[in-house]
Amino acid sequence: MKNLKRLFKLLKNLLLGLLVTLVLVLLVIFAKPLWHRFVTYPRFQKQVEVFQQRKKEVQLPTSLKIYRGLLHLHSYWSHDSKGTLYDLVSAAKLRNINFLFLTDHPHGNLDSFPRGYKGLYDGVLIEPGSEKEDFVSWPMDTTVIDWKINKDTISKRLVNNGGMIFYSHTEIPHNWDNQFFQGMEIYNFHTNVLEKTRTFPILTDFLINGSKYRAWAYRTIFDRQTRILARWDSLNRYRHVVGFSAVDEHENINFRARYLKDGRVQWMGINTKPIDTVKVSFLNRWMFHEPDQSGWIFKWMIINTYETSFNNSVNYLFADTLTVPNISHHLILGHHFTAFKSLADATGFCYYAEGQDGKMAGMMGDSVKVASVRKLTAVSPYPGRFTLIRDGKTVDVSAADQYQYSFDRSLPKGTYRLEVEVKPGDEWLPWIYTNPIYIY
Ligand SMILES: [Zn+2]
């Protein structure tokens, strides 16, 4: 009897010890994400909301309209995405996005266009393109790309035929001497993720904060792409290379389920890989809801969603009309800047060169004669800190919290671009990267 009591006591202590250890281990693993959840992110959310109340109306120096768009993202056509038209258009409408230039991975060496989604859907312009070997392209024509051919030759043919070629994933080597590529990514969310030596903290942060503070979990990963920006600056010293940002969104780090034709349920995991096919039974029925617009009966979004990334790094383009020829025309000219929209919507911002007559002599992306420029100017709907960079070197930093910026000191020939930071909380955060003005 005494021995039995002792055994029970031992077992009780062992179980208690195990429980305490488990709680401690979980606390260590989730301490930071929980701190984010209950302290850092709610505080930052509040700070951003207060900052966004400082919005002012801006008088734009151009009659061109502003269109917001994404230039590197994937839909169902890619092997690693299942994004439907409904998913894309509803997220775009929610985030006030006007154009989506898709970059779906080709199915084989012969890649025929158009393919996938193309057209104007509920006010959202969609154009199909391709991403292969860190090269994004939009032929904008009925054509076939043969991916067996040398990439430089493909670029030449596409561009000569009115297509558009940009380099993606610019942290890795590319043929920078290829004269036909027109632009490059200056920010890609994936680069930020790949740079991190430990992915587990990213995962735990999204697991705890994904539903409520996904946008700030994205921000936590953000790092300024100094090396990529330096590359861009060095290229722009001797040719025009347009800079754009990419979300590279696949909406594929998640778990989903859908009915198959035979009534069974297919489970799908990371990168849209099928995991299992099961029968519906009383054991799993409770997990499923009626099929949504895209056919999903279960959806657990862990990290990346269209909704969040369409509010992350967004390209703001000045153009005349929401048509593929006009949008692509202005994209190639570099009449755009990129902004982190979750911090503040940058609609209304413009960076331009003012002529001797006080009127706009050219905007970002344009080349302007040195004799005809009086000053470089920017207007902004939110107060920020402006940094002017000439040929890769900082030449001026404005005072804090300015809605306007102008630089009227001597303007030697060179490539001038502007970065704007905002300070919703305790630190200055990169908000805008403009394309340069080329003064010659
Ligand atoms: Zn991609």
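Values in this document were obtained by computation on a predicted structure and should not be read as measured data. (Residues numbered from 1 in each chain as written. Predicted model: local features only at pLDDT ≥ 70, side-chain atom pairs only at ≥ 80, totals over all residues. Heavy atoms only, no water.)

**Digging into the overall build of the protein chain**
This is how it is decided: Where helices and strands are cited, they refer to DSSP runs of H or I of at least four residues and of E of at least two residues respectively, numbered from the N terminus. In this analysis, two residues are considered to be in contact whenever any of their non-hydrogen atoms come within 4.5 Å of each other. The Shrake-Rupley method, run with a 1.4 Å probe sphere, supplies the accessible areas, and residue values consider only the shown protein chains as cover. In summary, the charge assignment counts Lys and Arg as positive and Asp and Glu as negative, without counting His or the chain termini. Charged side chains are reduced to one point each, which is NZ for Lys, CZ for Arg, CG for Asp and CD for Glu.
On a plain count of helices and strands, the protein chain comes out with eight helices and 26 strands. Oriented by its inertia axes, the alpha-carbon framework of the protein chain measures out at about 100 × 50 × 40 Å. Contacts spanning at least 24 positions in sequence make up 69% of the contacts within the protein chain whose residues lie at least 6 apart. When the accessible surface of the protein chain is split by element, carbon and sulfur atoms take 56% of a total near 21100 Å². Side-chain charges in the protein chain split into 54 positive and 42 negative, and the spacing between the mean points of these groups amounts to 7 Å.

**Side note on the pattern of salt bridges**
Under the convention used in this document: Just to be clear on terms, a salt bridge is a Lys or Arg side-chain nitrogen sitting within 4 Å of an Asp or Glu carboxyl oxygen.
A complete count under the given rule lists twelve salt bridges for this structure. Across the pair Arg54 and Asp401 runs a salt bridge, and its minimum N-O distance is 3.9 Å. In this pair, Arg54 sits in the loop between helix 1 (2–52) and strand 1 (65–70) while Asp401 sits in the loop between strand 22 (393–397) and strand 23 (402–407), placing the two residues 347 residues apart along the sequence. Here the salt bridges share partners, and the residues they tie into one network are Arg224, Asp233, Arg417 and Glu419.

**A closer look at the sheet that holds strand 13 (residues 265–268)**
Filter applied, for reference: The pairing criterion for strands is at least two bridges between them, as found by DSSP. Structural elements are reduced to axes, namely lines fitted to C-alpha atoms, with helices fitted over the stretch in contact, and the angle between N-to-C directions of any two is expressed from 0 to 180 degrees.
Pairing is antiparallel across the open sheet formed by four strands, whose spatial order is 14-13-12-15. Two strands bound the open sheet, and with one partner strand each, they are strand 14 (274–278) and strand 15 (296–301). Direction aside, neighbouring strands of the sheet carry axes that sit 10 degrees apart on average.

**Side note on the packing of aromatic side chains**
To keep things clear, this is the line we draw: Only rings of Phe, Tyr and Trp enter the pairing, Trp through its six-membered ring, and a pair is recorded when the two centres are within 6.5 Å. The plane angle decides the type: under 30 degrees is stacked, over 60 is edge-to-face, the rest tilted. A 1.4 Å probe rolled over the protein chains alone gives each residue an accessible area, and that area as a share of the maximum for its type sets the label: buried under 20%, exposed over 50%, partly exposed in between.
Counted under the stated rule, the structure contains 28 aromatic pairs. Residues Phe51 and Tyr382 carry aromatic rings whose centres are separated by 5.4 Å and whose planes lie at 25 degrees to one another, so their mutual orientation is stacked. Here the residue Phe51 occupies a position in helix 1, and Tyr382 occupies one in strand 21 (residues 373–390), the gap between them amounting to 331 residues. Its relative accessible area of 3% is what places Phe51 among the buried residues. The buried category is assigned to Tyr382, whose relative accessible area is 5%. Relative to Phe181, the ring of Trp176 lies with its centre 6.0 Å away and its plane at 65 degrees, an arrangement referred to as edge-to-face. Of the residues examined, Trp176 reaches a relative accessible area of 10% and is grouped as buried. On the basis of relative accessibility, which here comes to 0%, the residue Phe181 falls in the buried class.

**Points about the side chain of Asp111**
Applied cut-off: Distance and chemistry together define a polar contact, namely a pair of N or O atoms within 3.5 Å, with one atom able to donate a hydrogen and the other to accept it when in protein, and with adjacent residues in sequence counting only for side-chain atoms on both sides.
Along the chain, Asp111 turns up in strand 3 (residues 110–113). A polar side-chain atom of Asp111 sits 3.0 Å from a polar atom in the side chain of Ser130. Not counting residues up to four positions away in its chain, the partners in contact with Asp111 are Pro106, Ser130, Thr143, Val144, Ile145 and Trp147.

**Quick word on the domain arrangement of the protein chain**
What counts is decided by this rule: Boundary definitions for the domains trace back to an automatic or database domain assignment. Accessible area that two parts lose when put together, with a 1.4 Å probe and added across both, is what the buried area reports. In this count, Pro and Cys sit with the nonpolar residues alongside Ala, Val, Leu, Ile, Met, Phe, Trp and Tyr, while Asp, Glu, Lys and Arg are called charged and the others, Gly among them, polar.
Partitioning the protein chain into structural domains gives domain 1 (65–250 + 307–439) and domain 2 (254–301). Here domain 1 and domain 2 have C-alpha centroids that lie 35 Å from each other. Counting the surface lost from both domain 1 and domain 2, the interface buries some 740 Å², and carbon and sulfur atoms represent 54% of this. Inspection of the region where domain 1 meets domain 2 yields zero salt bridges. Taken together, domain 1 and domain 2 are joined by four residue pairs in polar contact (both at pLDDT 80 or more). Classifying every residue of the side of domain 1 that touches domain 2 gives two nonpolar, three polar and four charged.

**A look at the coordination of the zinc ion**
For the record, the criterion: The donor definition counts N, O and S atoms within 2.8 Å of each metal and applies 3.2 Å to Na, K and Ca; water is not among these atoms, so some sites may look incomplete.
Those donors, His72 (NE2), His74 (NE2), Glu131 (OE) and Asp248 (OD), are the protein atoms that reach the zinc ion, and they lie 2.1 to 2.2 Å from it. Binding-site remark: the zinc ion is held by donors from one chain whose sequence spacing is H-x1-H-x56-E-x116-D. A residue pair is termed long-range when its members are at least 10 positions apart, and Glu131 in strand 6 (residues 130–131) and Asp248 in the loop between strand 11 (242–246) and strand 12 (254–259) qualify at 117 residues. With respect to class, Glu131 is no different from Asp248; both count as buried.

**Overview of the nonpolar core**
Stated formally: In plain words, nonpolar cores are sets of buried Ala, Val, Leu, Ile, Met, Phe, Trp, Tyr and Cys residues tied together by side-chain atoms within 4.5 Å.
Counting residues in each nonpolar core, the largest one holds 87 residues, and the members touching the most others are Leu100, Phe310, Tyr351, Leu376 and Trp431. Beyond its immediate sequence surroundings of up to four residues, Phe310 is in contact with Leu70, Leu73, Leu88, Ala91, Ala92, Arg95, Ile97, Leu100 and Lys341. Phe244, Ala246, Ala319 and Leu331 belong to the second largest nonpolar core, which has 17 residues in total.

**Concerning the pairing of strand 16 (residues 313–319)**
Most of strand 16 is tucked away, with seven of its seven residues classed as buried. Side chains Ser313, Asn315, Leu317 and Ala319 project from strand 16 onto one buried face, and the interleaved Val314, Tyr316 and Phe318 project onto a second face that is buried too. Bridge count for strand 1 against strand 16 is five bridges, and the pairing is antiparallel. Bridge pairing in strand 16 links Tyr67 to Leu317. Summarising the sheet, strand 16 and strand 17 (residues 336–340) pair through five bridges and their orientation is antiparallel. By the bridge assignment for strand 17, Asn315 is matched with Thr338.

**A closer look at unusual backbone geometry**
For the bond from Phe113 to Pro114, the omega torsion is -5 degrees, close enough to zero to count as cis. Tracing the chain through its elements places Pro114 in the loop between strand 3 and strand 4 (119–121). Its identity as a non-glycine residue notwithstanding, Asp134 has a phi of 60 degrees, on the positive side. You can see Asp134 is positioned in the loop between strand 6 and strand 7 (135–138).

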